[in-house]
Amino acid sequence: MLIKAAAAALRQVFSPALRGILFKSLALTIGLLVVAWFGLTRLIQAFQASHHISADYPFFDTLAFFLAGAGLFVALAYIMPAVSILVAGFFLDDVAEVVERSDFPADAPGRALPWGQALGSALRFAGLALIVNLVALILVFVPGVNLFAFFGANAYLLGREYFELAAGRFRPLPEARAMREHYGFTVIAAGCLLAGLMIVPIVNLVTPLFGVALMVHLHKGLERRALPSATGNDARLPNRR
């Protein structure tokens with residue numbers, strides 16, 4: 001199911017129907033990264049201004065500026081999960097509507113989340129992802145632990161947020177969360193795929209759109225799996241709206 005959903009999502013990300021949204025999401029993603037770069041350089045400059053070493057050794061000014069620029073590329077994998085969640089929350093309904101209309105025309109369309117709710121949820125999880133990845137970045141000098149912390153934490157966070165955003169178009173948040181917990185292994189596996197894409201330069205720029213399309217397909221597939229044998233708590237998994 002996951003492989004099929006991933007293939008469908010990849011096809012749709014570059015489809016004409018999503019091309020306009022793709023360009024907008026790329027512009028927003030790059031814009032957020034540029035803001036992060038300027039913030040990083042200003043932070044280093046402020047640090048230098050408060051210490052006398054840069055006055056005695058001007059070379060450190062140039063070195064610090066270079067490291068700030070290069071540091072963005074080094075830290076890109078750690079920044080991208082938070083950026084990805086923000087962009088996904090912003091374009092969620094636009095992407096989901098295209099996917100639902102093109103691949104699930106016989107199904108009732110999802111209901112757009114209130115803009116404030118979608119953005120608030122994205123901001124909350126983006127902040128959490130930023131904190132988690134900052135901890136992982138601090139552990140960069142601990143071999144093995146850093147990679148495990150980054151990959152494991154982001155697989156969980158990305159899988160959780162993207163799935164609940166997609167499922168939230170069809171069911172209340174408590175039911176979306178219950179469905180995500182019920183199919184935890186599948187959602188985590190999808191999160192692992194997204195976390196893996198985060199460390200691939202250029203490819204990680206399209207992760208927000210791919211993640212939304214992937215989770216729309218995954219939610220639909222899991223919903224259909226639950227329908228034939230829905231009993232007990234599982235009976236709450238199909239669309240209740």
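In this text the structure is predicted, and so the values were computed from the model without any measurement.

A. Expanded view of the overall build of the protein. Assigned secondary structure in the protein consists of 10 helices and 0 strands. Reading the protein from its N end, one meets helices and strands in the order α-α-α-α-α-α-α-α-α-α. Sorting the 241 residues of the protein into buried and exposed places 45% on the buried side. Pairs at least 24 residues apart make up 80% of the contacts formed inside the protein by residues separated by at least 6 positions. By element, 73% of the accessible surface of the protein is carried by carbon and sulfur atoms, the whole surface being about 12,300 Å².

B. Structural context of the environment of Phe148. You can see Phe148 is positioned in helix H7 (residues 145-167). In this structure Phe148 comes out as exposed when scored by relative accessible area, which is 67%. When the C-alpha atoms of Phe148 and Ala136 are compared, they prove to be 8.8 Å apart, with 12 residues separating the residues in sequence.

C. Examining the packing of aromatic side chains more closely. Under the defined criterion, the tally for this structure stands at 1 aromatic pair. Judged by centre distance (5.0 Å) and plane angle (75°), the ring pair of Phe90 and Phe91 falls under edge-to-face. A relative accessible area of 42% places Phe90 in the partly exposed class. Of note, Lys220 hangs over the ring of Phe104, and the distance from its end group to the ring centre comes to 5.5 Å.

D. The arrangement of the pattern of salt bridges in detail. Applying the stated criterion across every chain, the model contains 7 salt bridges. With a shortest N-O distance of 3.2 Å, Lys220 and Asp107 are connected by a salt bridge. A residue pair is termed long-range when its members are at least 10 positions apart, and Lys220 in helix H10 (residues 207-226) and Asp107 in the loop between helix H5 (76-103) and helix H6 (115-138) qualify at 113 residues. Its salt-bridge partner being Glu164, residue Arg180 comes within 2.8 Å of it at the nearest N-O pair. Here the residue Arg180 occupies a position in helix H8 (residues 173-182), and Glu164 occupies one in helix H7, the gap between them amounting to 16 residues. Of the residues examined, Arg180 reaches a relative accessible area of 9% and is grouped as buried. Residue class for Glu164 comes out buried when judged on its relative accessible area of 6%.

E. Inspection of a nonpolar patch on the surface at higher detail. Where nonpolar side chains cluster on the molecular surface, the patch consists of Ile30, Val34 and Phe38 and spans about 240 Å² of accessible area. Structurally, Val34 is set in helix H2 (residues 16-49).

F. Broad picture of the environment of Ala176. Along the chain, Ala176 turns up in helix H8. Given the relative accessible area of 0%, Ala176 is considered buried. For Ala176, the contacting residues outside a window of four places in its chain are Phe163, Glu164, Ala167, Gly168 and Arg171.

G. Spatial organisation of the UniProt feature "transmembrane region" (unreviewed entry) in the protein. UniProt tags residues 21-44, 64-92, 125-151 and 183-216 as "transmembrane region" (unreviewed entry). A helix fraction of 74% and a strand fraction of 0% characterise residues 183-216, whose end C-alpha atoms lie 14 Å from each other.

H. Focus on the nonpolar core. Ranked by internal contacts, the top residues of the largest apolar core, which has 60 residues, are Ile85, Val95, Tyr162, Phe163, Phe210, Leu214 and Met215. Mapped onto this core, the elements with two or more residues apiece are helix H1 (2-13), H2, H5, H6, H7, H8, helix H9 (184-198) and H10. The element that contributes the greatest number of residues to this core is H5, accounting for 14 residues. Residues contacting Val95, with those up to four places away along its chain left out, are Leu18, Ile21, Leu209, Val212 and Ala213.

I. Geometry of the confidence of the model for the protein. When the pLDDT values of the protein are averaged, the result is 77; 76% of them are 70 or greater. Note on residues 228-236: pLDDT is under 50 here. Beyond four places in sequence and across chains, it has 5 contacts.

The rules behind these values
- Residues numbered from 1 in each chain as written.
- Predicted model: local features only at pLDDT ≥ 70, side-chain atom pairs only at ≥ 80, totals over all residues.
- Heavy atoms only, no water.
- Helix = DSSP H or I, 4+ residues; strand = E, 2+ residues; numbered from the N terminus.
- Buried < 20%, exposed > 50% of the residue type's maximum accessible area, 1.4 Å probe, protein only.
- Contact = heavy atoms within 4.5 Å.
- Areas by Shrake-Rupley, 256 points an atom, 1.4 Å probe, with all protein chains shown as cover.
- Phe/Tyr/Trp six-rings, centres within 6.5 Å; stacked < 30°, edge-to-face > 60°.
- Lys NZ or Arg CZ within 6 Å of the ring centre and 35° of its normal.
- Salt bridge = Lys/Arg side-chain N within 4 Å of Asp/Glu carboxyl O.
- Patch = residues over 30% accessible without salt bridge, like charges linked within 9 Å, V, L, I, M, F, W, Y side chains within 5 Å.
- UniProt positions renumbered as here; feature names shortened; annotations may be inferred.
- Core = buried A, V, L, I, M, F, W, Y, C linked by side-chain atoms within 4.5 Å.
- pLDDT = per-residue confidence, 0-100.

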